[in-house]
Amino acid sequence: MTAVRTVLLTGASGVIGTALLPELAPAHVVALVHRTPCPDATESVAGDITAPRLGLDPAAYASLAARVDAVVHCAAHTGFSGGRQIAENVNVAGTREVIALAADAGAPLYYVSTAFVARTELTRQSLGCGSNDASARPEDYLDSKRLAERLVRDSGLPAVLIRPSVVIGDSRTGVISRFQGLHEISTVLLRNLLPLMPMPASSRLDFVPCDVVARAIAALVFDRHRDGEVWITAGRAAPSIEVLVDTAVTVGAELGIEVNRPRMVEPEMVDRLIRPVFIDPLPPTARRRFDDLLAMTALFVNAPVFPSTLGQLPRQTAALTAEQVTDAYRASLIYLAHTKKLAVPLSSRVGAPA
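Structural notes, computed from the coordinates.

Notes on the side chain of Ser332
Right, so step 1: Take Ser332: it is sitting in helix α10 (residues 322–339).
Right, so step 2: A residue is classified by how much of its surface remains accessible, and Ser332, at 4% relative accessible area, is buried.
Right, so step 3: If we skip the residues at most four places from it in the chain, Ser332 touches Ile168, Gly169, Gly174 and His183.

Take a look at the structure:
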């Protein structure tokens, strides 16, 4: 097998793509962008993953296919509120076009899916619960990723299915290119807008720092892995909700934020006892926010542990420890609090030196 010299990267401006670019630096990285060039890539090519030939004219497409040694497909619609059609257009039709390019290039495909394709039984819908006023529909996103995985498997291409869990900021700095769902929940927690957490305290929430995901993907590319499923997860090191709340309370105190511990309860209790009395009378916007939270947290309630491939492949990032995962969440909380200006300046805190 020849060395990887040129990598086509989709989704270069996304959370994983941004972290991945420095790790792919030994190669010539061609970023497929929609409009705005990617300054950190070696080269940017304007296109559209949902269009035939990725939106390129025949000559540009043929030129790209002739020089690509590996394709990393990170581009995706990851929101839960866009609706089924948008999810399928980007995540399914887009993957079909990327598969075609990889086939024409004779290059292995590294498809970034999600570990949550395994959560077939944990959405509100699958549990037989209504969505109420929620705009979030995790099942639409998860269905589209399952369909995309099937396309990859059925293509016959040399391909690796990469399944990260929730992605947070850099493990040391907390920096991330765009805040994600866990950041939104953490913001509400730091602002004391979350008196109730619809999850048992023992439920685990699996997440991984973006730099860990990036190093693992780059190792797969440069070691020329050509098949299999890779789970980039915390696995048994994933912390419980109680540990995350404790971490938020501690970090809040360090930053001058008094964080009140929310009451953690089973979703069934929320639907049966709490919702009729406290949630239904709320204004529509507040009800929708709460129902979106219910939709997202359903994926974690009493969920089984994800498998993890970290540490099992040559030259890959070692498996995460519980301490590393908690420290990474701490770094993300600090970055989040400073970015959103939630931290109280030291000079303004009660008891601060004059």
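Description of the packing of aromatic side chains
Right, so step 1: A complete count under the given rule lists five aromatic pairs for this structure.
Right, so step 2: On the numbers, 5.9 Å between centres and 55° between planes, the contact of Phe179 with Tyr335 is tilted. Pair noted here: Phe179 is in the loop between β7 (166–168) and α5 (181–190) and Tyr335 is in helix α10, with a separation of 156 residues, a long-range link.
Right, so step 3: Residue classification places Phe179 among the partly exposed residues on the basis of a relative accessible area of 25%.
Right, so step 4: Seen from their ring centres, Trp231 and Phe306 are 6.3 Å apart, and the 35° between their planes marks the pair as tilted. Taken together, the positions of Trp231 in strand β10 (residues 229–232) and Phe306 in the loop between α9 (284–297) and α10 put the pair 75 residues apart, joining distant regions of the chain. Each member of the pair, Trp231 together with Phe306, is buried.
Right, so step 5: By way of ring pairs, the aromatic residues Phe116, Trp231, Phe300 and Phe306 are connected into one cluster.
Right, so step 6: The ring of Phe306 is capped by Arg119, whose NZ or CZ atom sits 3.8 Å from the centre of that ring.

Looking at the pairing of strand β5 (residues 109–112)
Right, so step 1: Neither face of β5 is open: one carries Leu109 and Tyr111, the other Tyr110 and Val112, and all of them are buried.
Right, so step 2: In the sheet, strand β4 (residues 70–73) pairs with β5 via three bridges, with the strands oriented parallel. Looking at β5, one finds that His73 is bridged to Tyr111.
Right, so step 3: As paired strands, β5 and strand β6 (residues 159–164) are joined by four bridges and run parallel to one another. Among the inter-strand pairings, Leu109 is bridged to a residue of β6, identified as Ala159.

What counts, and at which threshold
- Residues numbered from 1 in each chain as written.
- Predicted model: local features only at pLDDT ≥ 70, side-chain atom pairs only at ≥ 80, totals over all residues.
- Heavy atoms only, no water.
- Helix = DSSP H or I, 4+ residues; strand = E, 2+ residues; numbered from the N terminus.
- Buried < 20%, exposed > 50% of the residue type's maximum accessible area, 1.4 Å probe, protein only.
- Contact = heavy atoms within 4.5 Å.
- Phe/Tyr/Trp six-rings, centres within 6.5 Å; stacked < 30°, edge-to-face > 60°.
- Lys NZ or Arg CZ within 6 Å of the ring centre and 35° of its normal.
- Pairing = 2+ DSSP bridges.

Worth remembering: the numbers are spatial, not functional.
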